[in-house]
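Listed below, chain by chain, are the residues.
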Amino acid sequence: MQGFFVYMTFKEVEAQPNFIDNEATRLAWWYDNGIVDKYLHRNDQSEKRFRFLDGPITANNPMGVHHAHGRTIKDFYQRYKNMRGFKQRFQNGFDCQGLWVEVEEEKDLGFDSKRDIEAFGLDKFSNSCRARVEKFSEVQADQSKRLGMFMDWDHSYYTMSERNNLHIWYFLKRVHEKGWLYKGFDAMPWCTRCGTAISQHELSDGGYKDVTHESIYVRFTLTDESAQKIRSRYSINDNHTIAFLIWTTTPWTLLSNVAVAINKKLDYALVKEADQYIIVGVERKKVLAQIEQEIAVMKGQDLLELLADQNGNIYTGPFDELDAPSKVTHRLISWDDVSDSDGTGLVHIAPGAGKEDFDLRIENDLDLLNSIDDFGDYVDGYGPFVSKNVSAVRGEIYQSLKEKNIFYKTESIHHSYPHCWRCKHELVFKTVSEWFIKADEIRPAMKKAADEAHWMPDHARKRMQDWLDNMGDWPISRQRYWGLALPFYENEDKSKFIVVESKEELKKLATNPEKVDALPELHRPWIDDIVLDGTKITLDGEKQSGVWKRVVDVGDCWLDAGIVPFSTIDYLTDKDHWNQWYPFEFITEYVAQVKLWFYATLFMSVTLEGKAPWQNVLATGFLVDEKGKAMHKSAGNSIAFDDAAREAGADPIRWLYLRERSANHHGTGNLRFGYNILDEVRRRFLAILWNTYRYFVTHANLSDWEYKEGHTSDNVLDQWILAKLGAVQTDVETYLNEFNSPDAASLLETFIVQEFSQWYIRRSRDRLSPTNTDIKDKNAFFNTTYFVLMTLSKILAPFVPFISEEIYLNLRNEKDPESVHLADWPEIEEKYENNDILEQMDFVRKVVEKGHSLRKESGIRLRQPLRNVTIVNCKQELSDQLTQVITDELNVKTVEYETNQGADVFEVSINLEIDDELLSEGTMREIIREIQSLRRNAGYAFDDEVTVFWKTETSALE
């Protein structure tokens, strides 16, 4: 609209505003005036779609600042796309089931184990977990609003919903039809406090911690037959015992020992120590107390062959006096992974208590001892250890070994050890029966689908590919309570099972169909009461019989989150709607989710649809404190979101998250967070933005300025800042379309701080002087500055929604939308494009930079005028206005040019001679500066007149 005029006056702007109070006021205003609802629906009729999927936040506690990190990035891109006219769903998600909710609720209830839950009552515990989710989903929604997040809060999805659970049932049925579902027996990481298995991908999310343990060296005495073979081979004439020296960091597993593994390629020494002989890796002889004589050195292969043809035990197990261990055959086996970099070069193998051990059992047909129950207590067959917990028997084990004279020594070791990802309890390995989904067949398809997505940073792609290469079968069952009720029904002897895919099928097969209709929800314990009539079931063409019961296990919580690309957009009930939103254009979570949520959604989508559910994946880094240390409550350096918002405000937090490099495709390094850093954000960016805005409002209100939309200006500064704004906006849009907020934010910060404030506004101050009678030039400054501020308020709105709204509301006129968050993304004004001006001003600033450096080297202050500056090897002389900028900036009388069209590098020289005239002028400038300082200190307003007296002892200023 060319020629639109309006007289503008604005609300006065505070010099030192309370940004935090202003944010609270603005937040209330948004909701009181329906701004958020209008924002959510402003593009309902648009043909363009931005397909974003929100990874669910676990609704079990208030948010920390690390939660706000991802939520800021999500909100930011939705805001940007909303301003650009894209229709969206704005659906927030809450993760509601699984171990994380259960463990937190147990803490609040004062429970120590699953036994407490069962004594409390499963129905009451499930209701308690549901109430927890309902409580904290409301808390987190309010906190997200405080962050400035605009979402359709009334239509959030909850993974505990029947719709979500039934979509998982459907998925599991398809898995079963593909032949991927099976009930297996394996050694799994096991939490004895939570009483459940922990999966490989759950351990990848901070599941290992560096801890110090006491390790133990034990002698495994060879049987008489084995020892005699050693004596015969190496001409040993006495009857002293011969033993393998074993080292372990988990003494409790010694009760499950069935074998010793050696590496056939390593060298082993047979040494005499006191009244015994010990076999140990040659490179590990240093662990021995003393060596009286080295009898022989043999290859592992030789030792294996020497003892290979023996029947029965190679050695006596350390606890063979107990009933269960006495029944196994103790073998010597070959294992290429045995190392002599630590330990003894011989490895104690307990298939019931270790994953690699269990795999070796299958390869070598070893016996199995499963010595503990779900809570880590020894089971029957273990004599005095029965019902004692593995965490409490170390001393008794040591004493027993000493009594049998096979205890050697202990030593401390600092190592990485698996912990429960929710309760932080140390894990054990336990051989259990679990439900698995086979991975080998789907692996190639998952790798291909993942590789077709755009990963930011690209090494997140490699992280996913490495994970897919090494992932095992997916263990999907958990021995818990508040979670997905696995729809697996077994016959009475558990030899057969079926998968129920829907509530309708459950009702059809149920013994009492009316009970299905009466279910309050698809959770335990209520669904446990539903049993199936075997006569209604046909398998492989044969009619079944008997009562079929649901397995008591619940599902892995990553099934809950992994199905949301389908359950949230009605995959089973409205395929047309689903097709409009799938696949999702963009998702983002922190980098550990590569092996968790990203993996789960990929697995389920490739299973159901043969492709990845997302196209652009942003993996962000971790939040650490200001010193670079991980944030933990126990360390006292974690920060609750409410505290951070109360102390620093939401805008500084958002700007930090969106500007930092860890949040984009250049890397997933850790992001430092703390109040000092937020103070820097406020001081170095937001305060400068605010002061620039305040400067404009203050002077505009004192003038008779008349706003003209679509104005043009003859002033080179106006031409430059408008051209620069367009160039910056072009690059910002490019970055944001690539989901690269840090480069966009850095560019905007540089523009606002260095170019708009420190260059344009500062260079334009003389234009507002009372001595400037050029009204047209003053109006050009106001029109230009107004346009830049209004444009910036819109560009910054997705980044810092509070301060951008504050600026916009004060500057808007009656034709503008009522909120900046209802405004369109600004169009770039082609008429302001001017590459020549940009290049010339860039040259001017470089000249000024070199000139300032020369003055600094000479020790001459900038307020002291100098006679002239010469620019050597410049390609052309600058215009009068640009030349004036140089004279003003360098405080020189004239600028001289020595042109050279072919020169690549220019030089600057300054005449540093100061005559009396220049000296007097410099002194006068010092006096003016001192007067201005006195005005400020005295609190005089901008337009207050003052009378000045000065006394001087020199005639130079008279």
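Residues numbered from 1 in each chain as written. Predicted model: local features only at pLDDT ≥ 70, side-chain atom pairs only at ≥ 80, totals over all residues. Heavy atoms only, no water.

(A) View of unusual backbone geometry. Between Met-456 and Pro-457 the backbone carries a cis peptide bond, its omega angle lying at 0 degrees. Within the fold, Pro-457 resides in the loop between strand E17 (454–456) and helix H14 (458–470). Residue Arg-524 is joined to Pro-525 through a cis peptide bond whose omega torsion reads 5 degrees. Phi at Phe-90 is positive, roughly 55 degrees, even though this residue is not glycine. Locating Phe-90 in the fold gives a position in the loop between helix H3 (65–83) and strand E3 (93–95). One non-glycine residue, Ala-274, lies in the positive phi region at around 60 degrees. You can see Ala-274 is positioned in the loop between strand E10 (267–273) and strand E11 (276–281). The partly exposed category is assigned to Ala-274, whose relative accessible area is 35%. (Helix = DSSP H or I, 4+ residues; strand = E, 2+ residues; numbered from the N terminus. Buried < 20%, exposed > 50% of the residue type's maximum accessible area, 1.4 Å probe, protein only.)

(B) Focus on the confidence of the model for the protein. In this model, the protein carries a mean pLDDT of 93, and residues with pLDDT of at least 70 account for 97%. Contacts of residues 663–667 to residues separated by more than four positions or lying in other chains number 26 contacts, the stretch itself having pLDDT below 50. (pLDDT = per-residue confidence, 0-100. Contact = heavy atoms within 4.5 Å.)

(C) Representation of the packing of helix H26 (residues 775–795) against helix H27 (residues 801–811). At a closest axis distance of 8 Å, the pairing of H26 and H27 adopts a crossing angle of 140 degrees. Comparing their axes, H27 and H26 come out oblique. Note that H26 runs across H27; the crossing there is left-handed. Here H26 contributes Tyr-786, Leu-789, Met-790, Ser-793 and Lys-794 to the contact with H27, which in turn contributes Ser-804, Ile-807, Tyr-808 and Leu-811. A class-by-class count of the residues in the contact of H26 with H27 yields six nonpolar, two polar and one charged. (Axes fitted to C-alpha atoms, helices over the stretch in contact; angles between N-to-C directions. Parallel < 35°, antiparallel > 145°, perpendicular 65-115°, else oblique. Left-handed = near helix turned anticlockwise from the far one by under 90°. Nonpolar A, V, L, I, M, F, W, Y, C, P; charged D, E, K, R; others polar.)

(D) Here's a closer look at helix H30 (residues 916–938). Spanning 23 residues, H30 covers 33 Å between terminal C-alpha atoms, matching the ideal 33 Å at 1.5 Å per step. Among the residues of H30, Leu-918, Gly-922, Glu-926, Ser-933 and Arg-935 are the ones counted as buried. The inward-facing, buried residues of H30 abut strand E32 (866–874) and strand E33 (892–899). One or two steps after H30, the chain reaches Gly-939, where phi turns positive at roughly 80 degrees. (Expected span 1.5 Å × (residues − 1).)

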